[in-house]
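# Reading the structure
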Amino acid sequence: MTTTATPASLDRLAALDPVFAQLVGASARFLGAVPELTDREKTFLSVTADVCQGSLGLVLTAHVRAGLKAGVSTSDVRELLRFVSYDCGYHAASAAIERIAQLETELGISRPDAELLPGELVSTGPDAAPAPLPEPTRARLAELDPHFAEYFDLQSRMRTGHGPGTLTERERGLVSMSVDVHYQTLRDTFRIHVGRARRGGATPEDVRAALRFLAQFGVTRAWHAWEALNEMD
């Protein structure tokens, strides 16, 4: 079972501040032992936290290294970053993509080939494919602003499909839910993302386990998320 801090990263922290390293190590051991989540999911939740909080140095490196030991490839991490980019922002995700490429070079990992998306998925013109966004959701977005709804259509098209190299519905729900926790968007989008995780097979206890795991990235944020989740029950 992977944790969110590797011995090497704790050694580096100890050289900077030994007491702080103790705090990090104890927290990571406690929350890394949450049994309902897979090592892959823990890696995804950790990397998502890094992107949302701009922690792209020692911490991201530790999380990616822990993931590699658990069988999570940098291709998997790249797919995660592509997916969360529309929620956390393309600028934040771009910085993480840059760091992943640097890590691949440092670790001697070949940069994975990626098949480009079909033109109809990235088009916004008459050749665009239909957007899979649920109509009630799109209607609500259009009420806010039609152009924003069209942008949402584009994002929805570009993230269709669950073939090899993509995230499962459960994984998509859990990491989207975690973005809500980091940004404290704990109303409609949080409810939608919890529902996505549930549709993907996550049980109520699995969802709660994700919140337990996320406490290490900000206990106050997790507190507010617990309140929002319990109001949904």
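Everything that follows concerns the structure shown earlier in this document.
Now for a description of the structure that goes with this document.

Cut-off values and rules
- Residues numbered from 1 in each chain as written.
- Predicted model: local features only at pLDDT ≥ 70, side-chain atom pairs only at ≥ 80, totals over all residues.
- Heavy atoms only, no water.
- Core = buried A, V, L, I, M, F, W, Y, C linked by side-chain atoms within 4.5 Å.
- Buried < 20%, exposed > 50% of the residue type's maximum accessible area, 1.4 Å probe, protein only.
- Helix = DSSP H or I, 4+ residues; strand = E, 2+ residues; numbered from the N terminus.
- Contact = heavy atoms within 4.5 Å.
- 1 Å grid on protein atoms, 1.4 Å probe; cavity = no way out; pocket = protein on both sides within 12 Å on 5 of 7 lines; lining within 4 Å.
- Points joined across faces, edges and corners; volume = space filled by probe spheres on them.
- Nonpolar A, V, L, I, M, F, W, Y, C, P; charged D, E, K, R; others polar.
- Phe/Tyr/Trp six-rings, centres within 6.5 Å; stacked < 30°, edge-to-face > 60°.
- Axes fitted to C-alpha atoms, helices over the stretch in contact; angles between N-to-C directions.
- Parallel < 35°, antiparallel > 145°, perpendicular 65-115°, else oblique.
- Left-handed = near helix turned anticlockwise from the far one by under 90°.

Glancing now at the nonpolar core. Ranked by internal contacts, the top residues of the largest apolar core, which has 43 residues, are Leu45, Val47, Val175, Met177 and Phe190. Of all the secondary structure elements, the ones that give two or more residues to this core are α3 (39–53), α4 (58–69), α5 (74–88), α6 (90–107), α10 (169–183), α11 (188–199), α12 (204–214) and α13 (219–232). In contact with Met177, not counting residues within four places along its chain, are Phe190, His193, Val194, Val207, Ala210 and Leu211.

Roughly 1000 Å³ of internal volume is contained in the largest pocket. The leading source of residues in the lining of the largest pocket is α11, at seven residues. By residue class, the composition of the lining of the largest pocket is 14 nonpolar, ten polar and eleven charged.

The next thing to look at is the packing of aromatic side chains. Tallying each qualifying case throughout the model produces three aromatic pairs. Ring centres 5.9 Å apart and planes at 70° place the aromatic pair Phe83 and Tyr86 in the edge-to-face group. Here Tyr86 and Phe83 lie together in helix α5, a separation of three residues that amounts to about one turn. Taking 5.6 Å as the distance between ring centres and 75° as the angle between the ring planes, the aromatic pair formed by Phe148 and Phe152 counts as edge-to-face.

The next thing to look at is the packing of α3 against α4. At a minimum axis distance of 9 Å, the contact between α3 and α4 shows a crossing angle of 165°. In terms of orientation, α3 lies roughly antiparallel with respect to α4. For the element pair α3 and α4, the recorded crossing hand is left-handed. Contacts from Thr43, Ser46, Val47 and Asp50 in α3 reach Val59, Leu60, His63, Val64 and Gly67 in α4. Looking at the contact of α3 with α4 residue by residue, the class counts come to four nonpolar, four polar and one charged.

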